[in-house]
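Tertiary structure, described
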Amino acid sequence: MEIEERLRALLLQGLAGEARDYERFLAALSTHLRAFLRRRLGQWPDEVEDLVQETLLAVHNQRHTYRADMPVTAWAHAIARYKLVDWFRAHAVRGARNVPLDDADELFSTQDQDAAQARRDLGLLLETLPDKQRLPIQHVKLEGLSVVETARLTGLSESAVKVGVHRGLKALAARIRGVA
């Protein structure tokens, strides 16, 4: 799932009262914002995390302004840009007027591209597993659901979920080693 779609779905669920989805939204958004701000604060890497936290707080405080027909990343980037400009003003950074705030080609850092590549590769590996192994791994290990929640969602018993995770991880390890 594309980051925009994932963030939008999680935010809308969060706004509908799903606290766990809202927490996931904030976690996913923080990763996205970290890359966005790291690019713009290359000379001040120690400031990135502070600005991420300030931006997340502003996103939380302004969540009522989000319109469902608007891209989440555009809305979050606008808030991040305001926080970035405020930081430049507060620190009177010379040349801050020339920092590229809208460099659309560099939204993601190399690390984030590597992470996206790893997610894609993991997705391809998971597709090789049967559903009774793939679904428990996706829900428990990747999405962070409990065994009980996964069992309810997939229709498997709790023990089948545990066995599916164990056997699936074992099969993935074998495929990665080239044994299978």
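Everything here concerns the structure above.
Here's a quick rundown of the structure. No experiment lies behind these values; they were computed from the predicted model shown.

Attention now moves to the nonpolar core. Ranked by size, the top nonpolar core spans 26 residues in total, and within it L11, F25, L29, L37 and L41 carry the most contacts. Those elements that provide at least two residues to this core are helix 1 (3-15), helix 2 (19-40), helix 3 (48-61) and helix 4 (72-91). Per element, the largest residue contribution to this core is eight residues, and it comes from helix 4. Filtering out sequence-adjacent residues up to four positions away, F25 remains in contact with L7, L10, L11, V59 and V72.

Here we come to helix 1. Spanning 13 residues, helix 1 covers 18 Å between terminal C-alpha atoms, matching the ideal 18 Å at 1.5 Å per step. Taken together, the buried positions of helix 1 are E4, L7, L10, L11 and G14. Buried positions in helix 1, seen along its axis, are confined to an arc of 140 degrees and lie on one side of it. Where the residues of helix 1 are buried, they touch helix 2 and helix 4. Remark: G17 follows helix 1 within two positions and exhibits a positive phi of approximately 110 degrees.

On to the packing of aromatic side chains. Per the stated rule, a full pass over the model turns up five aromatic pairs. An aromatic cluster is defined as three or more aromatic residues linked by ring pairs; in this entry it consists of W44, W87 and F88. Over the ring of F36 we find R40, and its NZ or CZ is 3.9 Å from the ring centre.

Mapped onto the fold, V48 is located in helix 3. Between the C-alpha atoms of V48 and R38, which are ten residues apart in sequence, the distance is 5.9 Å. With residues near it in sequence (within four places) discarded, V48 still touches R34, L37, R38 and L41.

Moving on: the side chain of D21. Considering the arrangement of structural elements, one finds D21 in helix 2. The exposure class of D21 is buried, given its relative accessible area of 15%.

So, how was this worked out
Each chain carries its own residue numbering, running from 1 in the direction its sequence is written. Only residues with pLDDT of at least 70 get local features here, since the model is predicted, and only at 80 or more are side-chain atom pairs given and counted; chain-wide, interface and lining totals rely on the full set of residues. Side-chain calculation: all heavy atoms of the structure are included, whereas hydrogens and water are not. Remark: nonpolar core denotes a set of buried residues (Ala, Val, Leu, Ile, Met, Phe, Trp, Tyr, Cys) joined through side-chain atoms within 4.5 Å. The buried label applies to any residue whose accessible area, calculated with a 1.4 Å probe on protein chains only, is under 20% of its type's maximum; exposed applies above 50%, and partly exposed to all values in between. Only runs of H or I of at least four residues qualify as helices and only runs of E of at least two qualify as strands under DSSP, and these elements are numbered from the N terminus. Throughout, a contact is declared for two residues whenever any of their heavy atoms are within 4.5 Å. A helix's residues, less one, multiplied by 1.5 Å, set its expected span. The reported arc concerns the directions from the helix axis to the C-beta atoms and nothing else. Any Phe, Tyr or Trp ring, taking Trp's six-membered ring, that has another such ring centre within 6.5 Å forms a pair; planes under 30 degrees apart are called stacked, those over 60 apart edge-to-face, and the others tilted. Any Lys NZ or Arg CZ found within 6 Å of a ring centre and within 35 degrees of that ring's normal is scored as a charge over the ring.

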